[in-house]
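Coordinates in review
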Amino acid sequence: MAIAIIGTGITKFGELWDKNWEDLVLESSTEAVKNANIEFEDINSCYVGNMNLSRFEGQDHIAPRITEILGINKVIRTEAACASSSIALKLASDEIELSSFKGENKIALVVGFEKMTDRIVGTTTGILAGASHFDTEIINGATFPGLYALLAARYLHETEATEEDLHAVGIKNHKNGILNEKAMFRKEINLEDFKGDIAKPLKLFDCSPISDGSASLVLTTEKYAKELGVEFVKLENIEISTSSISLAKRPDLLILDSAKRAAESAYKKADINPKNIDLIEVHDCFTINEILCLEAAGFAKRGKGYEIIRSLLPYENINKREAPVPYMVDGREVFVNTSGGLKAKGHPVGATGVAQVVEVVNQLLGRCGKRNVNPEIGATLNIGGTGGTATFSVLRR
Amino acid sequence: MTIAPKIFRLNNFENVGKKGEIYSRTKISVASNLFQYNRKVPYITALIKTEDKLVFGLVDEDNAEIGDKVTARIGKLGITKLGLHVYGVVWEFDKTFAKPEVEESKIKRNLPEEKVGISGYGVYIPRYRLNLSTLNKVWGKEVKGVKSFPGKYDDQATYACNSSLNALKHAGIEGKEIRFIQVGSESKIYAVKPTASIVAGLLKTEDCFAADIEFACKAGTQAIINAYNFVKTNGGYGLGIGADSAQGAPGDELELTAGDGGAAFIIGSKESIAVIEGTASYTTDTSDFWRNEGEKFPKHAGRYSGDPAFYKHIMNAAKNLMEKLNLKPIDFDYVVFHQPNSKFPRVVGKKLGFTPEQIEPGIVFDSIGNTYSANSLLGLAKILDIAAPYQRILLVSYGSGAGSDAISFITTPEIENKRKRIERSVKSWLGEEDKENLILSDYSIYLKNKGII
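Here the structure is a predicted model, which is why all the values come from computation and not from measurement.

If you tally the helices and strands in chain B, you get 12 helices and 19 strands. What you see for chain B is a C-alpha radius of gyration of 21 Å, in line with the 22 Å of a compact globule of 453 residues. Dimensions of chain B, computed from C-alpha atoms along their principal axes, come out at roughly 65 × 50 × 40 Å. At a minimum sequence separation of 6, the contacts of chain B that also span at least 24 residues come to 75%.

Shown next as structure tokens:
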């Protein structure tokens, strides 16, 4: 029994200093409810993904505050670092699936949001570092750019990949972001812009930005969606897998094993394989991670993901092409991060999981204007931390 | 802001002493300021492949690359916003250093009946040396020479901890066998909370007396004498440490001499490498150097530190001990005096009737400056490195305020057996050997690492 996504909403991502987090949650949720053609009163439950409102904004106990804002009397908050809202989506889809078995017509709202820019960079970096292991990583000065830099350094050491291959991911995603009016950055970047180490070998433009934003989805059963007569996309499934929070305890540093398990499980349940996927939004929090995600999602073997990036060669020509720019995988076009990805669209960590699904749903429904690529099957791969949590979803028109 | 309660138990000494290979590394240029850790950017974090697992850690080498071999030691990782110091391991390049080389013994001294003495010793001196001539531009002083100062991950507690671990290795005992720890220092990292308990935590010894002790530059010998008396009464092992990140105000004369380092001595009644033959002390109310409560840097009385202070106390303590033991200067093979500068120890030795042959082997000042409580202890360690069995050593400390402790040691055949365990000579730590290991820096890096700027 498939779950139907009948509404999507997303705010502009960026440094939204004139808005507070409540404004953002209300804005994306109102948009989602509106295009689902329902009212807030019709919603049975609301799942909210957020990483760290308490340290960013001082607010704990988020759920009843959401009740105040949206008037929904059953709100549940989830946290899994940058995968927080994917967990919310999973719980919501489970509830809808259960209701379909019971013959109930339930509607759930899923919201993901983060307000990150009200803190100075060093503090935000510290809060985000909370998604790594406190006793071994944080006390030793770990930052997220630092942890992903360790992955990048090892990747570059073990494979033939170069720093330019990493940069090409950023250039492509910035190019795609130009067509997304909700994206934080809508400008081209070039190889020569990659300077200034954040954590060697990662340059500033290899890193996704600190951003504010909110994204919302409305879910119901496929049967009820048809009754409501609204356009919808089927959420075939969404799979969660966890691994060790510490990089040092991974079975293989260069394999996002949580993501690999989630993807394999999702493919199996949807009875598809990577060759069936036309479009995927992956977790390019750092450029190296788009490569690792492509490998985990089965588009390339371990240590070979950079060869997919090289389908964009010569990199000087990426910006001369028409956006969105696809990769060539085994002679087939695959669109990755048409939204601009975390890199260009922005990365309000709690919002990202839902925002990825919003992009894929809108692509499947043909609502993405100039950047629409008319996919049949889309997917999302959302990572929490350095791969401690991963979710993989499969969506179909 | 919320801070987890576990912040109160953050010292993480797992992996100390382990060897490994850098598996991946990055140089972090933008740091988190949440806990003020490692605020001295950039710094190197790495995944290190040890024998049994991959570990995450800091590397104290700016040019670390994948594949480099490293060894873990104790380092200060930073200070939390609560003001708590966080200790853990930092990894340094694996190196082989010069080992101690024994000098020919001329005369064999008779061993006393006393069995209590030094079971093992260890030192720790940071690699950084301030090139004193770089102060000329700032302060207009024509000075030359070098002195030690802290690396990025060093402070008084890391000197105490690392020297203690080296002493344990030399003594060949377990940390939990230590029943007494005293750290002599005038640069304690906390005004309230002992460094001795950090050492106890590192050694995993809980049935243990631990305290810090202060008496200007002589607190190190006090710690040894107290450990000696404890062992005589209670048996077991005691640990006496002298460790200082010596303070000198910018522009002050002390800034030209105040150095960094630590030395630790394990006192026991078994397998002593040098037994303690006797001790004597001398104390008067003399105000030649002092630091008021809450002040960062000490003040001093200039030339008054000479005759009425340093010379008077050292000579009286030395004479008291020699009288007590019925010994003359000729009965000693080596002698170590406190070394606040290059001249004083040499002059006081001559005044007491010692020869340069007895004095020179114990001089450490010229390589690292005056490391306050660690000063004369480092001199003693330097001599123990080269001493043959059945030799007599006189150690006389001096602490402003003022007092001196004199201790007479006689080495035993055990000194040769245990010397094999020493991986690095005191001369190497001082930089008299393995000079290429030193990092010669200018005044600006010194000011940063000392926490002055």
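With that settled, consider the nonpolar core. The nonpolar side chains of a soluble globular protein tend to be buried, and buried together. Grouped together as the largest cluster of nonpolar side chains are 259 residues, with contacts concentrated most on C46 and V110 of chain A together with V199 of chain B. When residues of this core are assigned to domains, at least three map to each of domain 1 (5-94) and domain 2 (117-443) of chain B. Sequence-distant contacts of C46 of chain A, that is, excluding residues within four places in its chain, are made with I66, L70, I72, K74, V75, A108, L109 and V111 of chain A. Residues L130, V146, Y443 and Y446 of chain B belong to the second largest nonpolar core, which totals 7 residues.

With that out of the way, let us pick up the interface of chain A and chain B. Taken together, the 32 residues of chain A in the interface contact 32 residues of chain B. Within the residue set of the side of chain A that touches chain B, elements represented by two or more residues are α2 (53-57), α5 (121-129), α6 (134-138), α7 (144-158) and β5 (197-199) of chain A.

What follows is about the sheet that holds strand β9 (residues 279-281) of chain A. All names here are of chain A. Spatial strand order, β3-β2-β4-β7-β1-β8-β13-β12-β9-β11-β10: 11 strands in an open sheet with mixed pairing. In this open sheet, the two edge strands, each paired with only one partner strand, are β3 (75-78) and β10 (327-329). Put simply, the sheet's adjacent strands are angled 30° from each other on average, direction ignored. Pairing of strand β1 (residues 3-10) with strand β8 (residues 233-242) involves 3 bridges; the strand directions are antiparallel. Residue pairing across strands places I5 opposite V233, the latter belonging to β8. Sheet strands in contact with helix α1 (residues 21-35) are β1, β4 (107-114) and β7 (213-221), and its direction is about 35° off that of β7.

Assignment of secondary structure puts G140 of chain B in the loop between α1 (136-139) and β8 (146-149). Expressed as a C-alpha distance, the spacing of G140 of chain B and G172 of chain B, which sit 32 residues apart in the sequence, is 49 Å.

The relative placement of two packed helices is expressed as an angle between their axes plus a distance between the axes. All names here are of chain A. Relative to each other, α1 and helix α3 (residues 62-70) sit at 60°, their axes nearing to 10 Å. When the interaxial angle is binned, α1 and α3 end up oblique. Crossing angle aside, the handedness with which α1 passes α3 is right-handed. Residues E22, V25, L26 and S29 of α1 form the contact with α3, whose participating residues are I66, I69 and L70. Tallied by class, residues from the contact of α1 with α3 come to 5 nonpolar, 1 polar and 1 charged.

Let's shift gears to unusual backbone geometry. Residues and elements named next belong to chain A. The omega angle of the peptide bond from K200 to P201 is 5°, so this bond is cis rather than trans. Position of P201 among the secondary structure elements: in the loop between β5 and β6 (202-203). One non-glycine residue, N37, adopts positive backbone phi at about 60°. Even without being a glycine, D271 presents a positive backbone phi close to 55°. In this fold, D271 is placed in the loop between α10 (257-270) and β9. You can call D271 exposed: it has 9 C-beta atoms within 10 Å.

All right, on to the sheet that holds β8 of chain B then. Residue and element names in this part refer to chain B. Taken together, the 3 strands give an open sheet; going across it, the order is β8-β7-β19, and neighbouring strands pair in mixed fashion. On the outer flanks of this sheet lie β8 and β19 (439-441), each paired with one strand and no other. Within the sheet, the average angular offset between the axes of one strand and its neighbour, ignoring direction, is 35°.

Turning our eyes to something else, we now look at the domain arrangement of chain B. Residue and element names in this part refer to chain B. Here the domain parsing of chain B yields domain 1 (5-94) and domain 2 (117-443). Elements represented by at least two residues in the side of domain 1 that touches domain 2 include exactly β4 (69-79) and β5 (85-93). If you tally residues by element for the side of domain 1 that touches domain 2, the top one is β4, at 5 residues.

Right, let's talk about the pairing of β4 of chain A for a bit. Residues and elements named next belong to chain A. Across the 8 residues of β4, 8 count as buried, placing the element largely inside the fold. Alternating positions in β4 separate into two faces, I107, L109, V111 and F113 on one and A108, V110, G112 and E114 on the other, with burial throughout. Sheet topology note: the strand β2 (residues 45-49)/β4 ladder contains 5 bridges and is parallel. Bridging from a neighbouring strand, S45 pairs with A108 of β4. Direction of pairing for β4 relative to β7: antiparallel, over a ladder of 8 bridges. Bridged to E114 within β7 is G213.

To continue, consider helix α4 (residues 219-234) of chain B. Taking 1.5 Å per residue as the helical rise, α4 of chain B with its 16 residues ought to reach 22 Å, and the 22 Å between its terminal C-alpha atoms agrees with that figure. Looking at the residues trailing α4 of chain B, positive phi occurs at G235 of chain B, about 75°.

Each value, and the rule that gives it
- Residues numbered from 1 in each chain as written.
- Chains lettered and ligands numbered in written order.
- Predicted model: local features only at pLDDT ≥ 70, side-chain atom pairs only at ≥ 80, totals over all residues.
- Helix = DSSP H or I, 4+ residues; strand = E, 2+ residues; numbered from the N terminus.
- Rg over C-alpha atoms; globule rule 2.2 N^0.38 Å.
- Contact = placed C-beta atoms within 7 Å.
- Core = buried A, V, L, I, M, F, W, Y, C linked by C-beta atoms within 7 Å.
- Buried ≥ 20, exposed ≤ 12 C-beta atoms within 10 Å, placed from the backbone.
- Domains from an automatic or database assignment.
- Pairing = 2+ DSSP bridges.
- Axes fitted to C-alpha atoms, helices over the stretch in contact; angles between N-to-C directions.
- Parallel < 35°, antiparallel > 145°, perpendicular 65-115°, else oblique.
- Left-handed = near helix turned anticlockwise from the far one by under 90°.
- Nonpolar A, V, L, I, M, F, W, Y, C, P; charged D, E, K, R; others polar.
- Expected span 1.5 Å × (residues − 1).

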